[in-house]
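Structure assessment
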Amino acid sequence: MKLGIRKKLLLYLMASVALFYVLVVGYLLKSSFTSAYSNAAVRIEQEANNLARSVSIEMESCLSMVRSLAQSFSIYQTMPEEEWQRIFSSMYVSIIERNPHILYIWDSWEYSKYKPGYTKPTGRLAMNVLRENGDIVKIIRERGVDENEPELYLALREQNRELIMDPYIDEGPMGENELVVTYIVPIQLNGAFCGLVGFDVSMGSLQDIITKANNIQGSQAMLVTNTGIVASHPNESFVGQSISNVMPREVERQHLLEKIESGLPFNYLRESVKGNSIVYWAPVTTLKTNVPWMVAVSVPYDSIFDNFKRTIAIAISLSILGIVAILVIIMLVSNSISRPIARMTQSLSRLAAGEMSDELTLQMNTGDELEEMSNALNISITGLNSKARFAKDIGEGTYDSELELLSDRDALGQSLIQMRDNLQRASEEESARRLEAERAAWASAGLARFGELLRLYNDNLQKLSDGVVAEMARYVGVNQVGLFLQTDDGAEENGPALFELKATYAWERKKYLVKKVAAGEGLVGACVLERASIYMTTVPDDYITITSGLGGATPRSVLLVPLKTAEEVVGVIEMASFGTLEPHVIAFVEHVADSMAGTIRTVKVNARTRELLEQSQMQAEEMKAQEEEMRQNMEELQATQEEIARKTEEITGFVNSIHSASFVVEYDTSGTIIDVNESYLMLAGKTRGEVIGAHHRDWMTFTPEQQLGYVEFWDDLRSGHSRKQRTKLALHGQEVELLEVYIPVYDGDGHVTKVMKLGFLQNDFDEQTI
């Protein structure tokens, strides 16, 4: 909806006030409800704990009497059986007479604990004192001797601890039905079970505690045993029943039986058609039973929140009166605000339509925020006029126009100034881009020219060098250019590479110089080692001089660029100029140098390839001649081999003849046998293994002259002189006389390596024949 400012003020303020009142009142009501609920819960808890404490005190008093009796019974061992039975029964009578709420006192004494020689597992003496028709009756009898013990007694004997049994309905002393609870304490001697003593007590006192409890208006209480039996309830028909029958829905929803058995306090909200209520359960604890009963206290919501309802009515009434009063105040305030705002709205509408004049300013003296708004509007109108003039100047290209900002937060003014700066920067960037494009076109054209030059002279290194330095001087506009290329000769082995001045260019005339520089020597050598360009704008006076017909002068800048490939530096291009070199010029020279390096490396590889090809052709011709010579040598070798084969056959036949006609023995130079023929083995009657390794002396019979000249004999043989002698062999007890010839055998170097002996039987040859 489109509403005026006055209606909006009324609507928004009233809605805000109403919402505020609703929130405040709601918060107060919620706080009151929470406080009332918390206080009620605390009171209910206190009431339940007080009732549980009262019931616990009543139960503990009964247990204390039973416990005192059980503890005093330990004296039975010091007196005869009849005596302690009489004393104990008298005590029972006295207790019943003084305590009308105790209806029945009973005990059981195990025979096995006080009768010597009793061996049966069961059997006991039971004494009972009870009220009957107004009289006190004593009954003493045996149990479990000739009959089975009841399961309840056996369970009590097994547990051997204090117990409070669930209540039951019994006939009272006057014949009326009465709810009775039993307190049981075991009789123990050094912790061992000796018997039981118990009181059957009327529940009247406990019921009075529960039924008369009404400290909280509308509250109800009940007493429940640990097994869930109702022991006391305002509705007497529920007494003695299980809570599963009395309140089945709560037992199922709240798991009451499990919570009661745990003996821990708990609470919950009971919901019913008659109204909700808070229920708190408190445990009734006794000293030694460990099976606490529970006291439950329930309080209806109506009883808890009566005061809360009255508080709600009062709060609503006051809220309505407050809203009416605020409405009147808001109407007065809205009128004082809406009228000045209407005037400012009119001025802003004219300003929004594009109108700018002094008539749009307002004069207000309200002394509040509206006056501040009016003054701010006037400043805005003045500032817009200034910004309009500033924008007009920018549109006409006057970027030095200034604008005074209204404040540090004048976003429009800052945007206009930023727009002026951006336009000025864009103009400058456009100029820079134009210059960069011109430089790129210059570099592209130069690369194309040098690329054509490199392709034209890729087979002649000298022409390539001359053309590059001349073109570089003209295109780059430097005064001197020199090209150093790596040379393969002149460098010492493992020494630094040498770079030769291959070409120079100065003042458009060629000048041949002979100059070599080693890597690391001077600026050229440094450029080689660093593999990077060197650019100097401070040149020493004695470094280089550019001369002309009018004189000479030191250059202003010097540039050295390495010609490098991925593996090595193949050269350096050096140039000098009277002016400085721009970065794009240096980059251009470096780009050309990279291209030149690859081309120069290719030219060198091609030259080397041609050289190797020529060498290969020469070697092919030499190999052809050598093949012819080798063919002739092979023919001669084949003829020689055939002659050698023929002579070998002759020698073999001669050797075989010798072996068949003589006894052959081979010795090394020390006289040890290294080989024999079969004829000698047959003569000696020995195996080859017995003979090989034997010495020349073995089996020999020497004359005195032979023994005296034995050393000289072998020295002659080792010196290469043949010898012959007559010897005797002692074989099988007989002597065999031989004529022997000793022949030295030489190796390829003319050294005696072994001695061959040829032996003949004396009967076959005479010495002159040999």
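The rules we used
- Residues numbered from 1 in each chain as written.
- Predicted model: local features only at pLDDT ≥ 70, side-chain atom pairs only at ≥ 80, totals over all residues.
- Heavy atoms only, no water.
- Salt bridge = Lys/Arg side-chain N within 4 Å of Asp/Glu carboxyl O.
- Helix = DSSP H or I, 4+ residues; strand = E, 2+ residues; numbered from the N terminus.
- Axes fitted to C-alpha atoms, helices over the stretch in contact; angles between N-to-C directions.
- Parallel < 35°, antiparallel > 145°, perpendicular 65-115°, else oblique.
- Contact = heavy atoms within 4.5 Å.
- Nonpolar A, V, L, I, M, F, W, Y, C, P; charged D, E, K, R; others polar.
- Buried < 20%, exposed > 50% of the residue type's maximum accessible area, 1.4 Å probe, protein only.
- Core = buried A, V, L, I, M, F, W, Y, C linked by side-chain atoms within 4.5 Å.
- Pairing = 2+ DSSP bridges.
- Phe/Tyr/Trp six-rings, centres within 6.5 Å; stacked < 30°, edge-to-face > 60°.
- Lys NZ or Arg CZ within 6 Å of the ring centre and 35° of its normal.

1. Some remarks on the pattern of salt bridges
Under the definition given, this model contains 21 salt bridges. The partner of Glu452 in a salt bridge is Arg455, with the nearest N and O atoms 2.9 Å apart. With Glu452 and Arg455 both in helix α12 (residues 411-456), this residue pair falls three residues apart, about one helical turn. Among the ionic pairs, Arg631 bridges to Glu635, the shortest N-O distance being 2.7 Å. Of this pair, Arg631 and Glu635 both sit in helix α15 (residues 583-661), separated by four residues, roughly a single helical turn.

2. Description of the packing of helix α11 (residues 369-395) against α12
At a closest axis distance of 11 Å, the pairing of α11 and α12 adopts a crossing angle of 10°. Considered as vectors, α11 and α12 are oriented roughly parallel to each other. Residues Leu384, Lys387, Phe390 and Ile394 of α11 form the contact with α12, whose own contacting residues are Leu412, Gly413, Leu416, Ile417, Met419, Arg420 and Leu423. Residue composition of the contact of α11 with α12, grouped by class: eight nonpolar, one polar and two charged.

3. What about α15?
Buried within α15 we find Val585, Ile586, Phe588, Val589, Val592, Ala593, Met596, Ala597, Thr599, Ile600 and Val603. Next to the buried residues of α15 lie α12, α13 (461-476), β13 (480-487), β16 (534-536), β19 (557-564) and β20 (569-577).

4. What about unusual backbone geometry?
Even without being glycine, Asn160 reaches a positive phi, approximately 55°. Note that Asn160 resides in the loop between α4 (151-159) and β4 (163-164).

5. A few points about the nonpolar core
Among the nonpolar cores identified, the biggest contains 55 residues, and Tyr92, Trp109, Tyr183, Val197, Leu223, Trp293 and Val295 are the most heavily contacted of them. Core analysis: the second largest hydrophobic core is formed by 36 residues, Phe450, Leu453, Leu454 and Ile586 among them.

6. A few points about the sheet that holds strand β9 (residues 230-232)
One open sheet accounts for five strands, arranged β9-β8-β12-β11-β10; its pairing is antiparallel. For this open sheet the edge positions go to β9 and β10 (266-270), each flanked by a neighbour on one side alone. Taking each pair of neighbouring strands and ignoring which way they run, the sheet shows an average axis angle of 30°. Alignment of strand β11 (residues 277-284) against strand β12 (residues 293-300), held across eight bridges, turns out to be antiparallel. When the bridges of β12 are listed, Ala282 appears paired with Val295. Set on the sheet, helix α5 (residues 204-211) makes contact with β8 (220-224), β9 and β12; between it and β9 the angle comes to about 85°.

7. A word on the packing of aromatic side chains
Following the criterion strictly, the structure yields 16 aromatic pairs and no others. Ring geometry for Trp442 against Phe588: centres 4.8 Å apart, planes inclined by 50°, an arrangement best described as tilted. One end of the pair, Trp442, is in helix α12; the other, Phe588, is in helix α15, with 146 residues separating them in the sequence. With a centroid separation of 4.9 Å and an interplanar angle of 85°, the aromatic rings of Phe713 and Tyr742 are classed as edge-to-face. Taken as a pair, Phe713 in helix α19 (residues 710-719) and Tyr742 in strand β25 (residues 734-746) lie far apart in primary sequence, 29 residues in all. No difference in accessibility class separates Phe713 from Tyr742, as the two residues are buried. An aromatic cluster is built from Trp84, Phe88, Trp109, Tyr111, Tyr114 and Tyr118, whose rings are joined through pairwise contacts. Over the aromatic face of Tyr111 sits the side chain of Lys115, whose NZ or CZ is 4.1 Å from the ring centroid.

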